[in-house]
Amino acid sequence: VGELEQYQGAPNPSVGVLIDDIDFSGVGGVATLFDTEQIDVLRGPQGTRYGANALAGMIYVKSVDPTPEFDLTAEALAGSDSARSAGVAFGGPVTDSLGYRLVAHRYQSDGQRNNRFYGDADTNQRDETTLRGRLKWFGGDAWTFNLAGMFVDIDDGYDAFAIDNSLTMLSDKPGKDAQQSTGASFRADFEGKLTLTSITAIADSDIEFSYDADWGNDDAWAPVLYDYISISERGRRTLSQEFRLLAGNWLVGVYALRLEDDIATLNQGEYFDPGFDFADSLDDLFSSDYVSTNLAVFGQVDYDLGAVARLTAGLRLERRTTDYSDSAGLEAGPSDTLWGGEVALSVDVSEAVTSFVSLSKGYKANGFNLGLAVPDEYRTFDAETLYNLEG
């Protein structure tokens, strides 16, 4: 279930990505894996276990917790294509109830490409820096508090296509596939007769995706003049709040997410073929601003059917409102109320084998199509629904 609106229109990713409870859905390139404790890949519609919703599935990345004793982890790597990296992670107790962990990692490689126009330069290079920090505090017998922060700088080049399908590039305007993100989350857990969880998270990302749209230079295309470039710059900010209450075999929660996304795209170039006396040019600058607010309630219950069988049922109800405007004069604000859920039956066939069958419904909000030439009757489209049967 793919994406169609990465650089245009309303961002509404089909796959959710959470990193230490911070929502990076749609911009998950910052999920670097050094000092990672666990990765959960949940396939199919999600929305009754976590606050974030996803039509096609959820990826949850969790870094290593602070340890009760001092711990040091170091890593170094060297490989082909000039690959090299180094990382260090360390932490331990500050007091009997407070622990910390700090992480730093750097990765570089030449990107398996060389640009002949720039003297075999590594214009498809990878240069990725990750900094993370965590604090964990035990507030008495019942409360646990976790504070996580991260800064990731993905400064990768993008010069990957050669006219002759080789690994030697001819581009005179190589691009970038870069992302700089900061994020933080604060999680509070209370465990008594009831388990209460509160998660507050914020993220800010600046993203650039650009490329030489003709993949060549003046000498490579001569006598034809063929020179194009595409540059897209995006800023994305998210703020989310989630409350979950767990008691025995049931869970209920509320979730709110505000997303702000702005894009500026430049497509520019010119073409002239003297053999056919044909010329064309392009100078298109497009910008847009988008804001959405999601409010949801969700719940799930597990019911034992005898000693070996369990029935699970979950439901989610969500209200989504949007506000969009762009430099082409389009203003749109579609809103929608959506619902999804899941029913699953599992049976323990033996101590080593469990069978199950589940039916889930996921959703993706309505939206709008861009472009001055789009007829009014096709300007908006309805919400998507996905039914997933698995066993």
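Fair warning: this is a prediction, and the values are worked out from it, not measured in the lab.

Enquirer: Can you walk me through the sheet that holds strand E3 (residues 36-43) in this structure?
Expert: Sheets are built from strands that pair by backbone hydrogen bonding, the pairs being arranged parallel or antiparallel. An order of E2-E1-E4-E3 is seen for the four strands of this open sheet, with the pairing classed as mixed. Since the sheet does not close on itself, it has two edges, and those belong to strand E2 (22-23) and E3, each with one partner. As paired strands, strand E1 (residues 15-19) and E2 are joined by two bridges and run antiparallel to one another. Paired with Ile19 across the bridge in E2 is Ile22.

Enquirer: I keep staring at the packing of aromatic side chains and nothing clicks. Help me out?
Expert: Two numbers describe a pair of aromatic rings. These are the distance of the centres and the angle of the planes. Across all of its chains, the model carries 17 aromatic pairs by this definition. Ring geometry for Trp221 against Tyr226: centres 4.9 Å apart, planes inclined by 65°, an arrangement best described as edge-to-face. Residue classification places Trp221 among the partly exposed residues on the basis of a relative accessible area of 24%. Put simply, the rings of Trp137, Trp143, Phe145, Phe186 and Phe190 touch in pairs and so form one group of aromatic residues.

Enquirer: What is the right way to read empty space enclosed by the protein from this model?
Expert: Left-over empty space is what a probe sized like a water molecule reveals as it rolls over the atoms. Counting across every chain of the model gives four cavities of 30 Å³ or more. By volume, the largest cavity amounts to about 370 Å³. Along the wall of the largest cavity there are 31 residues; nearest its centre are Asn12, Pro13, Asn53, Leu257 and Arg320. Among the secondary structure elements, those contributing two or more residues to the lining of the largest cavity are strand E13 (195-212), strand E14 (225-247), strand E15 (250-273), strand E16 (278-305), strand E17 (309-326) and strand E20 (354-364). Roughly 100 Å³ of volume is contained in the second largest cavity. Taken together, 15 residues line the second largest cavity, and the ones lying closest to its centre are Pro45, Gln46, Gly47, Gly341 and Lys361. Broken down by secondary-structure element, the contributors of at least two residues to the lining of the second largest cavity are strand E19 (335-348) and E20. Considering only residue class, the lining of the second largest cavity consists of three nonpolar, eight polar and four charged.

Enquirer: Is there a simple way to think about the nonpolar core in this case?
Expert: If you look at soluble globular proteins, the nonpolar side chains tend to sit buried side by side. Ile19, Ile22, Phe24, Val30, Met150 and Val152 are the most contacted members of the largest nonpolar core, which has 13 residues in total. Every element with two or more residues in this core is listed here: E1, strand E10 (143-158) and E13. Those residues in contact with Ile19, other than ones at most four positions away along the chain, are Phe24, Val30, Ala31, Val61 and Met150. Counting ten residues, the second largest nonpolar core, distinct from the first, contains Ala54, Met58, Ala296 and Phe298.

Enquirer: How should I be thinking about the pattern of salt bridges in this particular structure?
Expert: Pairs can form between side chains of opposite charge whenever their charged atoms are close. Under the defined criterion, the tally for this structure stands at 23 salt bridges. In this structure, Lys62 and Asp65 form a salt bridge, with 2.9 Å as the shortest nitrogen-oxygen distance. With its nearest N and O atoms 2.7 Å apart, the salt bridge here joins Asp127 to Arg106. Of this pair, Asp127 sits in strand E9 (residues 126-139) while Arg106 sits in strand E7 (residues 98-109), and the two are 21 residues apart along the sequence. The network of salt bridges with shared partners includes Asp20, Glu37, Lys62, Asp65, Arg134 and Lys136.

Enquirer: Is there a simple way to think about the layout of surface pockets in this case?
Expert: The volume enclosed by the largest pocket comes to roughly 470 Å³. The wall of the largest pocket is formed by 23 residues, among which Tyr60, Arg187, Asp189, Thr197 and Arg244 lie closest to the centre. The set of elements that each furnish at least two residues to the lining of the largest pocket consists of strand E4 (57-63), E9, E10, strand E12 (175-191), E13 and E14. For the lining of the largest pocket, the class distribution of residues is seven nonpolar, five polar and eleven charged.

Enquirer: Explain a nonpolar patch on the surface to me, please; I cannot follow it from the model alone.
Expert: A grouping of Tyr303, Leu305, Leu311, Val343, Leu345, Val357, Leu359, Tyr387 and Leu389 is seen on the molecular surface, where their side chains present a nonpolar patch of about 870 Å² in accessible area. Following the sequence through the fold, Tyr387 ends up in strand E23 (residues 384-390).

Enquirer: Even after reading the chapter, I still don't get the environment of Val374, so can you show me in this structure?
Expert: Of note, Val374 is situated in the loop between strand E21 (367-368) and strand E22 (380-381). Between the alpha carbons of Val374 and Leu225 there is a distance of 32 Å; along the sequence they are 149 residues apart. For Val374, the contacting residues outside a window of four places in its chain are Asn369 and Arg379.

Enquirer: Would you take a moment to explain the pairing of E15 for this structure?
Expert: As a general feature of sheets, a regular strand has side chains that alternate between the two faces. Across 23 bridges, E14 lies against E15 in antiparallel orientation. Bridge pairing links Gln241 to Ala256 in E15. Between E14 and E15, which pair antiparallel one after the other, the connecting turn spans two residues, and Gly248 there sits at a positive phi close to 60°. Sheet analysis places E15 next to E16, joined by 24 bridges and oriented antiparallel.

Enquirer: Teacher, can you tell me more about the environment of Phe356 here?
Expert: Within the secondary structure, Phe356 sits in strand E20. Given a relative accessible area of 38%, Phe356 falls into the partly exposed group. The spacing of Phe356 and Glu390 is 34 residues in sequence and 8.1 Å in space, taken between C-alpha atoms.

Enquirer: I would appreciate a short explanation of the environment of Asp304 in the present structure.
Expert: Structurally, Asp304 is set in strand E16. Under the relative-accessibility criterion, Asp304 is labelled exposed at 54%. Considered as a pair, Asp304 and Ser346 are 42 residues apart in the sequence and their alpha carbons are 9.8 Å apart. Residue contacts for Asp304: discarding those within four places in its chain leaves Ala309 and Arg310.

Conventions used here
- Residues numbered from 1 in each chain as written.
- Predicted model: local features only at pLDDT ≥ 70, side-chain atom pairs only at ≥ 80, totals over all residues.
- Heavy atoms only, no water.
- Pairing = 2+ DSSP bridges.
- Helix = DSSP H or I, 4+ residues; strand = E, 2+ residues; numbered from the N terminus.
- Phe/Tyr/Trp six-rings, centres within 6.5 Å; stacked < 30°, edge-to-face > 60°.
- Buried < 20%, exposed > 50% of the residue type's maximum accessible area, 1.4 Å probe, protein only.
- 1 Å grid on protein atoms, 1.4 Å probe; cavity = no way out; pocket = protein on both sides within 12 Å on 5 of 7 lines; lining within 4 Å.
- Points joined across faces, edges and corners; volume = space filled by probe spheres on them.
- Nonpolar A, V, L, I, M, F, W, Y, C, P; charged D, E, K, R; others polar.
- Core = buried A, V, L, I, M, F, W, Y, C linked by side-chain atoms within 4.5 Å.
- Contact = heavy atoms within 4.5 Å.
- Salt bridge = Lys/Arg side-chain N within 4 Å of Asp/Glu carboxyl O.
- Patch = residues over 30% accessible without salt bridge, like charges linked within 9 Å, V, L, I, M, F, W, Y side chains within 5 Å.
- Areas by Shrake-Rupley, 256 points an atom, 1.4 Å probe, with all protein chains shown as cover.

Geometric descriptors of this kind do not, in isolation, establish any biological role.
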